[in-house]
Amino acid sequence: MAGRRVLSIQSHVVHGYVGNKSAVFPLQLLGFDVDFVNSVQFSNHTGYSGGFKGQVLDGDQLVTLVQGLEANHLLHGVDAMLTG
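Remember, it's a predicted structure, so these values are computed and weren't measured experimentally.

1. So, the environment of Asn-20
Point 1. Here Asn-20 lies in helix 1 (residues 20–29).
Point 2. Here Asn-20 falls in the buried class, since its relative accessible area comes to 4%.
Point 3. For the pair Asn-20 and Val-56, spaced 36 residues apart in sequence, the C-alpha separation works out to 14 Å.
Point 4. In this structure Asn-20 touches Ser-8, Ile-9, Gln-10, Ser-11, Phe-36, Val-37 and Asn-38, once residues within four positions along its chain are discounted.

2. Details of the sheet that holds strand 2 (residues 33–42)
Point 1. What the four strands build is an open sheet, ordered 3-2-1-4; its pairing is mixed. Lying at the two open borders of the sheet, with one neighbouring strand each, are strand 3 (54–56) and strand 4 (80–83). Ignoring which end each strand starts from, the neighbouring axes of this sheet average 35 degrees apart.
Point 2. Sheet analysis places strand 2 next to strand 3, joined by three bridges and oriented antiparallel. In the sheet register, Phe-42 faces strand 3, and the bridge partner there is Gly-54.
Point 3. Helix 1 rests against strand 1 (5–13), strand 2 and strand 4 of the sheet, and its axis sits at about 145 degrees to strand 1.

Cut-offs and rules
Residues numbered from 1 in each chain as written. Predicted model: local features only at pLDDT ≥ 70, side-chain atom pairs only at ≥ 80, totals over all residues. Heavy atoms only, no water. Helix = DSSP H or I, 4+ residues; strand = E, 2+ residues; numbered from the N terminus. Buried < 20%, exposed > 50% of the residue type's maximum accessible area, 1.4 Å probe, protein only. Contact = heavy atoms within 4.5 Å. Pairing = 2+ DSSP bridges. Axes fitted to C-alpha atoms, helices over the stretch in contact; angles between N-to-C directions.

That's the geometry; what it means functionally is another story.
Structure, rendered in structure tokens:
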């Protein structure tokens, strides 16, 4: 189906619903094929008073992931990119 592949590059949290955690499932329910890259992985939203823990994907790591997708022709046919 044309126009139905999305690459989503957003944050991810273990607890809560922001970024890819809130975007991927609804898009899939609407029939989109979604590939996603988590730009960060945090324990929870950064607004919690107790803080948060986690990792940030740096630029080199993002480039490496994209190179892997390109090497396997997995970006061919992506119709939209969602970032946040």
